[in-house]
Amino acid sequence: MKKFLTLALSELMLIATLTSFVAEDIGIKLNKYGTGSVARTVGIKEDYYNIM
């Protein structure tokens, strides 16, 4: 589970540094037995629409 969380956070940091116009949200839900889910939302910031 630690490897998965580390990969998810690494991916978030990579996307944030390479593309500053991307808005991203990651929701992580962990249960007491070590199971859980990850939800990821990716969008484009409004500032980028103004540039276009």
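See the structure printed just above.
Residues numbered from 1 in each chain as written. Predicted model: local features only at pLDDT ≥ 70, side-chain atom pairs only at ≥ 80, totals over all residues. Heavy atoms only, no water.

### A look at the overall build of the protein chain
The line we're drawing: Segments assigned H or I by DSSP are reported as helices when at least four residues long, segments assigned E as strands when at least two residues long, and all are numbered from the N terminus. Buried residues are those whose accessible area, probed at 1.4 Å on protein chains only, stays under 20% of the maximum for their type, while exposed residues exceed 50% and partly exposed ones sit between those limits. A 1.4 Å probe and the Shrake-Rupley method give the accessible areas. Residues count as covered only by the protein chains that appear here.
Counting secondary structure elements, the protein chain contains 2 helices and 2 strands. Counting from the amino terminus, helix and strand elements in the protein chain follow one another as α-β-β-α. Taken across its 52 residues, the protein chain has 4% of its residues classed as buried. In the form shown here, the protein chain has an accessible surface area of approximately 4700 Å², with 61% of it arising from carbon and sulfur atoms.

### Observations regarding the pairing of strand β1 (residues 22-30)
Spelled out, the test is: DSSP calls a pair of strands paired once it identifies at least 2 bridges connecting them.
Where β1 meets strand β2 (residues 36-44), 9 bridges bridge the pair, whose relative direction is antiparallel. Considered in β2, the bridge of G27 is made with A39. Linkage of β1 to β2, two consecutive antiparallel strands, is achieved through a turn of 5 residues, within which G34 is found at a positive phi near 90°.

### Re the environment of L9
One can find L9 in helix α1 (residues 2-18). Overall, L9 belongs to the partly exposed group, its relative accessible area being 46%. Between the C-alpha atoms of L9 and I26, which are 17 residues apart in sequence, the distance is 8.8 Å.

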